[in-house]
Amino acid sequence: MASIIGFVSRIWNLYDPPQPAKKDSAIRIGLLGASNIAPIAVIRPAKSHPEVIVAAIAARDVKKAEAYAKKHGVPIVHKSYQDLIDDPAIDAIYIGLPNGLHYEWALKSLKAGKHILLEKPSVSNSAEATSLFRHELLNQPNAPVLLEAFHPLFHPFFQLYLSLLDPPNIASADAVLPVPSILFGYDDIRFIYDLGGGALMDCGTYCCLFLRQMFGNEPLECIEATPTLLPEPWDQKCDKGMQAKWLFPNGGIGSVDCTLSNPMLKFKLPWCQAVHKEKVVYDEELSEEKEHVVVKKVVAYMLIQPAVWSRIDIVEQHTIRTIADKKVLKSWTTTEYKKAYKREDFDGKKLGEDWWNTYRWMLEEFVNKIKGREGSGVWMPHEDSIYQLEMIDSGYAKAGLPIRPSSHLLQ
Ligand SMILES: NC(=O)C1=CN([C@@H]2O[C@H](COP(=O)(O)OP(=O)(O)OC[C@H]3O[C@@H](n4cnc5c(N)ncnc54)[C@H](OP(=O)(O)O)[C@@H]3O)[C@@H](O)[C@H]2O)C=CC1
Ligand SMILES: O=C1OC[C@@H](O)[C@H](O)[C@H]1O
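Treat the numbers as computed from the prediction; the structure is a model and nothing was measured.

Description of unusual backbone geometry
Of note, the amide linkage connecting Lys 120 to Pro 121 takes the cis form, showing an omega dihedral of -15°. Along the chain, Pro 121 falls in the loop between β5 (115-118) and α6 (126-133). Note the cis peptide between Glu 232 and Pro 233, where omega equals 5°. Counting through the fold element by element, Pro 233 comes out in the loop between β8 (221-229) and β9 (239-247). Although it is not a glycine, Met 302 adopts a positive phi angle of roughly 70°. Of note, Met 302 is situated in the loop between β13 (290-301) and β14 (311-322). Of note, Lys 326 is a non-glycine position whose phi angle comes to about 55°, a positive value. Positionally, Lys 326 belongs in the loop between β14 and β15 (328-338). Under the C-beta neighbour-count criterion, Lys 326 is labelled exposed, with 10 such atoms within 10 Å.

Structure representation (structure tokens):
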């Protein structure tokens with residue numbers, strides 16, 4: 001009963017969040033593009049944050065920007081992206097543009113001294129990522145805050161999941177992200193190569209992040225990559241799905257299975273799992289010629305959007321066997337379930353609310369960083385954003401597809 005009440009109350013608050021008064025010191029965010037994602041990722045989360053005001057928007061078509069501003073209660077409409085960036089009343093820019101435009105507008109925002117919340121994947125390839133995230137302007141005193149918007153990272157569920165893993169002893173890990181085909185037509189930005197499209201770029205980037213975080217390390221190489229392409233005559237450089245494997249330094253294999261075309265009738269939840277290497281455990285009841293071994297598997301359902309419902313299963317496969325010939329004498333499985341909707345469920349810290357979703361947690365930390373506060377300690381460092389694109393580039397190279405093209409500003 002308590003879990004049903006919690007479920008309903010989380011949904012209720014997510015869609016109609018409490019709206020505290022804004023502080024005078026609130027950060028004023030400007031939106032680049034009248035994007036589909038901004039209402040979910042920024043506009044609604046900002047409502048419950050006393051230190052964030054979504055103050056302005058610019059779209060390529062000013063009429064579209066005006067209609068969007070009216071619908072979402074954004075007070076200022078600028079005539080162009082550059083006008084918004086140049087507005088001295090704006091502190092931070094949210095870049096919810098197609099991936100292929102992220103580098104250009106992040107660079108321009110950085111040069112204008114604005115803080116930046118940059119949608120994932122941060123840019124189109126590792127050359128752009130290196131150029132942006134190691135930019136000299138980021139090393140100045142009081143440099144702007146630049147954050148790749150990897151929202152799942154900031155939710156306590158993700159932190160709990162990581163705390164249950166033993167990274168050096170992971171033998172294999174899987175990250176599976178099936179996006180229903182009904183969401184995006186083949187004319188969507190996600191399928192346009194010149195705009196940094198592709199499944200590995202889009203939903204695959206989360207899978208890469210999950211594997212990197214699970215192993216706590218960078219992959220050595222991509223060892224297999226099989227793309228599923230769009231049907232002809234659509235762009236044959238864009239993957240609508242990708243299955244790929246990477247070798248990690250501990251010898252473990254990380255697998256990605258992502259698609260933007262999951263058939264509606266084959267609905268699947270996003271999930272991740274880490275399977276640990278076999279471990280011999282002390283068992284006082286065993287004679288010298290026998291051993292007790294355990295293989296621990298930790299599965300997370302809904303790592304990407306855990307706020308409404310999510311669950312971690314800790315499955316331990318126990319085996320009693322002979323040491324000499326590994327003959328199995330007895331085996332059994334135990335399963336334990338865990339959840340974390342509040343930070344308190346993870347480490348006892350009284351931070352946030354149980355109905356905060358990943359975007360709200362991320363906004364909290366973005367503001368904390370700008371204000372110079374310690375916050376929860378969760379962050380996406382600049383070097384991580386570079387590693388992300390290196391992993392994605394290696395996947396495309398192995399798949400025999402071209403790396404996504406660089407901005408005209410880098411060529
Ligand atoms: N964090 C998350 O959960 C999610 C993140 N994303 C990321 O956010 C970004 C935007 O995604 P989404 O909101 O779905 O995208 P949209 O299709 O809504 O496009 C975003 C904006 O990009 C501009 N745009 C669209 N098409 C083109 C084009 N052909 N050429 C140039 N500009 C174009 C438009 O700006 P204008 O309004 O000025 O015309 C549009 O408003 C992507 O990087 C995506 O990966 C997306 C979904 C979820
Ligand atoms: O959260 C997401 O799920 C669907 C994707 O296509 C989208 O871009 C991504 O960010």
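Comments concerning the site of ligand 2
Around ligand 2 sit Val 179, Arg 190, Asp 202 and Cys 203, and that is every residue in its neighbourhood. The residue inventory of the shell around ligand 2, partitioned by class, reads two nonpolar, no polar and two charged.

Some points on the UniProt feature "domain: GFO/IDH/MocA-like oxidoreductase" (unreviewed entry) in the protein
The sites that UniProt annotates as "domain: GFO/IDH/MocA-like oxidoreductase" (unreviewed entry) are residues 188-263. A helix fraction of 16% and a strand fraction of 37% characterise residues 188-263, whose end C-alpha atoms lie 17 Å from each other.

Overview of the UniProt feature "domain: Gfo/Idh/MocA-like oxidoreductase N-terminal" (unreviewed entry) in the protein
Under the UniProt annotation, the feature "domain: Gfo/Idh/MocA-like oxidoreductase N-terminal" (unreviewed entry) is placed at residues 27-134. For residues 27-134, the helix share is 42%, the strand share is 22%, and the end-to-end C-alpha distance is 25 Å.

Here's the deal with the packing of helix α8 (residues 204-215) against helix α11 (residues 382-399)
One can describe the packing of α8 onto α11 by two numbers: an axis separation of 10 Å at closest approach and a directional angle of 115°. The pairing of α8 with α11 is recorded here as roughly perpendicular in orientation. Where α8 crosses over α11, the two elements pack in a sense that is right-handed. Where α8 approaches α11, its residues Gly 204, Thr 205, Cys 208, Leu 209 and Arg 212 are matched on the opposing element by Tyr 387, Gln 388, Met 391 and Ile 392. Residues that form the contact of α8 with α11 fall into these classes: five nonpolar, three polar and one charged.

What to know about the site of ligand 1
Near ligand 1 lie 21 residues; those nearest to it are Gly 33, Ser 35, Asn 36, Ile 37 and Ala 59. Here the shell around ligand 1 is composed, by residue class, of nine nonpolar, six polar and six charged.

Conventions adopted
Residues numbered from 1 in each chain as written. Chains lettered and ligands numbered in written order. Predicted model: local features only at pLDDT ≥ 70, side-chain atom pairs only at ≥ 80, totals over all residues. Helix = DSSP H or I, 4+ residues; strand = E, 2+ residues; numbered from the N terminus. Buried ≥ 20, exposed ≤ 12 C-beta atoms within 10 Å, placed from the backbone. Near = placed C-beta within 6 Å. Nonpolar A, V, L, I, M, F, W, Y, C, P; charged D, E, K, R; others polar. UniProt positions renumbered as here; feature names shortened; annotations may be inferred. Axes fitted to C-alpha atoms, helices over the stretch in contact; angles between N-to-C directions. Parallel < 35°, antiparallel > 145°, perpendicular 65-115°, else oblique. Left-handed = near helix turned anticlockwise from the far one by under 90°. Contact = placed C-beta atoms within 7 Å.

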